[in-house]
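# Structural overview for review
Spelled out, the chains give:
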Amino acid sequence: MHSFSDIYGNALLLRHLQQAVAGGRVSHAYLLTGSAGSGKRLIADTFAKTLQCEAGGTEPCGHCRSCSAFNSGNHPDIVYVRPTKKTLGVDDVREQILEDVSLKQYRYRYKIYIVEQADTMTVQAQNALLKTLEEPPAYAVFLLLAENQTAFLPTILSRTVLLHIRPLPDTMVADYLEKKKGLSPAESAVYAAYAQGSIGQALDLLEDESFQQMRQEILEKLMALPQAKKGEVFLWAKDLEKYKDDLRFLDMMQLWYRDLLYAKRLRSEKDLIQKDKKAEIFKSAVESEGELARKAALIQRARVQLARNANFRLTMEVMLLQLKENQTV
């Protein structure tokens, strides 16, 4: 594990890091940004392990003294910096970095600091770190991991190499789930669709029973919606309030109408994402393409309204009633 060749996607970013190792042009500070579960920590770990590997290649050998220490979780010259509270405060930076960085590495080539949740650093903490980034010891390498690049001071950004981890294609996430987790093509396609280009998120969903329950409930409601009475629709809107802080249910609704549209247009399961529900999808794809596209747009409109702090219950009532309607003449 922790090999560049085992990491899916972001080939240019990985090549940049490997070329830095090969050419001896390693920067003192890198900022790796990407969404939750995008692989920031995996890439940082692999880069750190490669830098410290005694074999000196562009991949960690996995069995030298340094690699063995890393594998045991007890590498003396790779330091993980984490917030002790909700944010990474100035005391965290002083105690975990500044008081330690003046001490030379224990045994290996570099002393590497992997700073998790770096975008939670307060302004005071960033200013405290700034001088070290401006005049770092020759042996120090800082890997800052963050979701939000805009949280950093311009002076911090100007002293780091910025590397953005891009979302993976759904097909690549699905391929990983098939090969590494033994999922069927139908199952892997579903998880990949909801993972937003992140293998980490896909793995979290795989372990999340509440996600499975939510999906089953939402799809059952959508299939029953055309025949539901108006009173039932209002009850459903009320019931959806339990998902007020988890808007993945809107993703599930949009994906349902997307698959209905493809089933109607192409009459083939090849392009369906939710192949595990193909029988239900073809049975439900009775409206016109225009009507199905209209309904997908209604869900997006509700999402926008909620982002503008619209009343949740009222927004759901209107959306569900409009989804129930068929405006095809």
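Predicted model, so just to flag it, every value in this text is computed and none were measured.

What counts as what
Residues numbered from 1 in each chain as written. Predicted model: local features only at pLDDT ≥ 70, side-chain atom pairs only at ≥ 80, totals over all residues. Heavy atoms only, no water. Helix = DSSP H or I, 4+ residues; strand = E, 2+ residues; numbered from the N terminus. Buried < 20%, exposed > 50% of the residue type's maximum accessible area, 1.4 Å probe, protein only. Contact = heavy atoms within 4.5 Å. Lys, Arg positive; Asp, Glu negative; His and termini not counted. Charge placed at Lys NZ, Arg CZ, Asp CG, Glu CD. Salt bridge = Lys/Arg side-chain N within 4 Å of Asp/Glu carboxyl O. Pairing = 2+ DSSP bridges. Axes fitted to C-alpha atoms, helices over the stretch in contact; angles between N-to-C directions. Polar contact = N/O pair within 3.5 Å; in protein donor to acceptor, adjacent residues only side chain to side chain. Core = buried A, V, L, I, M, F, W, Y, C linked by side-chain atoms within 4.5 Å. Phe/Tyr/Trp six-rings, centres within 6.5 Å; stacked < 30°, edge-to-face > 60°. Arc of directions from axis to C-beta.

## A word on the overall build of the protein chain
Looking only at helices and strands, one finds 15 helices and 5 strands in the protein chain. Each principal axis of the C-alpha distribution contributes one length, and for the protein chain these read about 75 × 40 × 30 Å. Scored against the burial criterion, the 329 residues of the protein chain give a buried share of 45%. When contacts within the protein chain are restricted to residue pairs at least 6 apart in sequence, long-range pairs at least 24 apart make up 70% of them. With 44 positive and 41 negative side-chain charges, the protein chain shows a spacing of 3 Å between the two charge centroids.

## Some words on the pattern of salt bridges
Evaluation of the coordinates by the stated rule reveals 23 salt bridges. With its nearest N and O atoms 3.4 Å apart, the salt bridge here joins arginine 65 to glutamate 54. With arginine 65 in helix H3 (residues 65–71) and glutamate 54 in the loop between helix H2 (40–52) and H3, the pair connects residues that are 11 residues apart, well separated along the chain. Glutamate 54 gets classed as partly exposed once you look at its relative accessible area, which sits at 42%. Close ionic contact of aspartate 239 with lysine 242 constitutes a salt bridge, the shortest N to O distance being 2.9 Å.

## Considerations on the sheet that holds strand E1 (residues 29–33)
If you trace the 5 strands from one edge of the open sheet to the other, you get E2-E3-E4-E1-E5, paired in parallel fashion. What marks the edges here is a single partner per strand, and that holds for strand E2 (78–81) and strand E5 (161–164). Strand-to-strand twist of the sheet, defined as the mean angle between neighbouring strand axes without regard to direction, takes the value 20°. Both E1 and strand E4 (residues 140–146) contribute to a ladder of 5 bridges, which runs parallel. Counted as the bridge partner of leucine 31 is leucine 144 from E4. Sitting on the sheet, H2 is in contact with E1, E2, strand E3 (111–115) and E4, with an inclination near 170° to E4.

## Topic: the side chain of lysine 221
Mapped onto the elements, lysine 221 comes out in helix H10 (residues 209–224). A polar side-chain atom of lysine 221 sits 3.3 Å from a polar atom in the side chain of aspartate 239. Setting aside anything within four residues of it in sequence, one finds lysine 221 in contact with Trp236 and Asp239.

## A short note on the nonpolar core
In terms of nonpolar packing, the biggest core is built from 50 residues, with Phe249, Met253, Met316 and Leu320 touching the most fellow members. Counting residues per element, this core draws most heavily on helix H12 (residues 248–266), at 10 residues. Ala20, Ala48, Val141 and Leu145 belong to the second largest nonpolar core, which has 25 residues in total.

## Digging into the packing of aromatic side chains
Under the defined criterion, the tally for this structure stands at 7 aromatic pairs. When the ring of tyrosine 8 is compared with that of tyrosine 176, the centres are 5.2 Å apart and the planes differ by 85°; the resulting orientation is edge-to-face. You can see tyrosine 8 sitting in the segment before helix H1 (11–23) and its partner tyrosine 176 sitting in helix H7 (residues 170–181), a full 168 residues away along the chain. For the ring pair tyrosine 194 and phenylalanine 211, a centre distance of 5.2 Å and an interplane angle of 75° mean the geometry is edge-to-face. Here tyrosine 194 is found in helix H8 (residues 185–194), whereas its partner phenylalanine 211 is found in helix H10, with 17 residues between them in sequence.

## Some remarks on helix H4 (residues 90–101)
Buried within H4 we find Asp92, Val93, Ile97 and Val101. In an axial view of H4, the angular spread of the buried residues amounts to 90°, which keeps them on one side of the axis. Seen from the open side of H4, the exposed residues pointing more than 90 degrees away from its buried face are Glu95 and Glu99. The secondary structure elements touched by the buried residues of H4 are E2, E3, helix H5 (123–134) and E4.

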